[in-house]
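Structural overview for review
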Amino acid sequence: MKPSPLQLGVLVSGSGTNLQSILDAALEGRINVDVRVVISNRKDAGALERARRAGVPAVVISHKQYDNRESFEEALIQALRQHDVEWVALAGFMRVLTSHFLHAFPQRVVNIHPALLPSFPGVHAQRQALEYGVKFSGCTVHFVDEGTDTGPIIGQAVVPVLDSDDEESLTAKILEQEHRLFSSVLQLLAEGRIVRDGRRVKILGPH
Ligand code: GRF
C-alpha cells in the first residue's frame, strides 16, 4: 500500500518556478506529496497563479498588515493548520521566520537556497558567488532554524561557474538544479528516509 502523502504547505514571495516543479512532480506522481496550500506574503507573486492553475488554494498574507513578526507568523500558522499542513517548504519566501513559527512545525520546515551553503547565505547569493570568484556554486535544501540559511543541510547540487557566466546565466543554471533537488528531497521526506543527527542529516536506504 502506498504510504500517505506528505501534507505540504508552500510559502512563496515570487515567480514560483520551484513551486511549479513541486506541483508538476506531484501531479505526475513522481513525488508522494499533497500540496495543501500556497501562501504568499506578496499579492503580486506569480506563484499564486501557478497554485490556482493547479487547483491548490492560494492565500495572500501580507506581512505589512501586521504590527510585528509574531502576529504575521501566527496568521501563517493558522492558515497552514486550516489546510492540515504537516510540513512547510519555503520556495523563494523572502521573510526570515522566528522561533514562534518554527515551534509550530518543529523540524518540519525546509528551505531552498541558490548557493552551496554555508557560502553565500542571504540575498543575491548568485551575485555573491560570482563576485567572490568561486569555480563551482549550486543550491542547498536545508532544515530551517532561527538563522538566515544556517540550518542543517539535507541536500546540495553543484554547477560549474564558467568564465562566460553572468548573474543571469548562473541563476538559470542553478534554478534548473533547484527544481530537481527540491523534489527529490521532498520525496525522501515523504518516504521517511531523512534523519537528523545533530547538524548532520542522513539519508536512510530504501525500505
Ligand atoms: C530561488 O532561487 C530560491 O532558491 C530563492 O528564491 C528563488 C525563487 O525562485 N530562495 P522561484 O520563485 O521558485 O522561481
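Presented here is an overview of the structure given in this document. (Residues numbered from 1 in each chain as written. Predicted model: local features only at pLDDT ≥ 70, side-chain atom pairs only at ≥ 80, totals over all residues. Heavy atoms only, no water.)

**A short note on the site of the ligand**
To keep it simple, the criterion reads: We call a residue near a molecule or strand when any one of its heavy atoms sits within 4 Å of it. Two N or O atoms count as a polar contact when they lie within 3.5 Å, although within protein this holds only if one can serve as hydrogen donor and the other as acceptor, and sequence-adjacent residues are included solely when both atoms are side-chain atoms. Note that accessible areas follow from Shrake-Rupley with a 1.4 Å probe, and for residues the cover is restricted to the protein chains shown. Helix and strand labels come from DSSP, where a helix needs a run of H or I of at least four residues and a strand needs a run of E of at least two; each type is numbered from the N terminus.
Residues in contact with the ligand, as listed here, are G14, S15, G16, T17, N18, G92, I112, H113, P114, L175 and E178. A distance of 2.6 Å separates an oxygen atom of the ligand from a polar atom in the side chain of T17. One of the backbone N or O atoms of N18 is found 2.8 Å from an oxygen atom in the ligand. Contact with the protein chains removes 84% of the 360 Å² of surface that the ligand exposes when unbound. Elements supplying a minimum of two residues to the shell around the ligand: α1 (17–27), β5 (109–113) and α6 (167–190).

**Side note on the environment of V201**
Threshold: Each residue's exposure class comes from its accessible area (1.4 Å probe, protein chains only) as a fraction of the maximum for that residue type: buried when under 20%, exposed when over 50%, partly exposed otherwise. In this analysis, two residues are considered to be in contact whenever any of their non-hydrogen atoms come within 4.5 Å of each other.
By the element assignment, V201 lies in strand β9 (residues 200–203). In this structure V201 comes out as buried when scored by relative accessible area, which is 15%. Taking the C-alpha atoms as reference, V201 lies 27 Å from S13; in sequence the two are 188 residues apart. Apart from residues no more than four positions distant in its own chain, V201 is found in contact with F143, P152, I153, I154, I194, V195 and R196.

**So, the pattern of salt bridges**
To keep it simple, the criterion reads: Salt bridges are counted wherever a side-chain nitrogen of Lys or Arg sits within 4 Å of a carboxyl oxygen of Asp or Glu.
Under the counting rule described, the total for this entry stands at nine salt bridges. Taking the shortest distance from any N to any O, the salt bridge between K173 and D165 comes out at 2.5 Å. Under the relative-accessibility criterion, K173 is labelled partly exposed at 22%.

**Structural notes on the environment of D166**
Here D166 is to be found in the loop between β7 (153–160) and α6. Between the alpha carbons of D166 and H100 there is a distance of 38 Å; along the sequence they are 66 residues apart.

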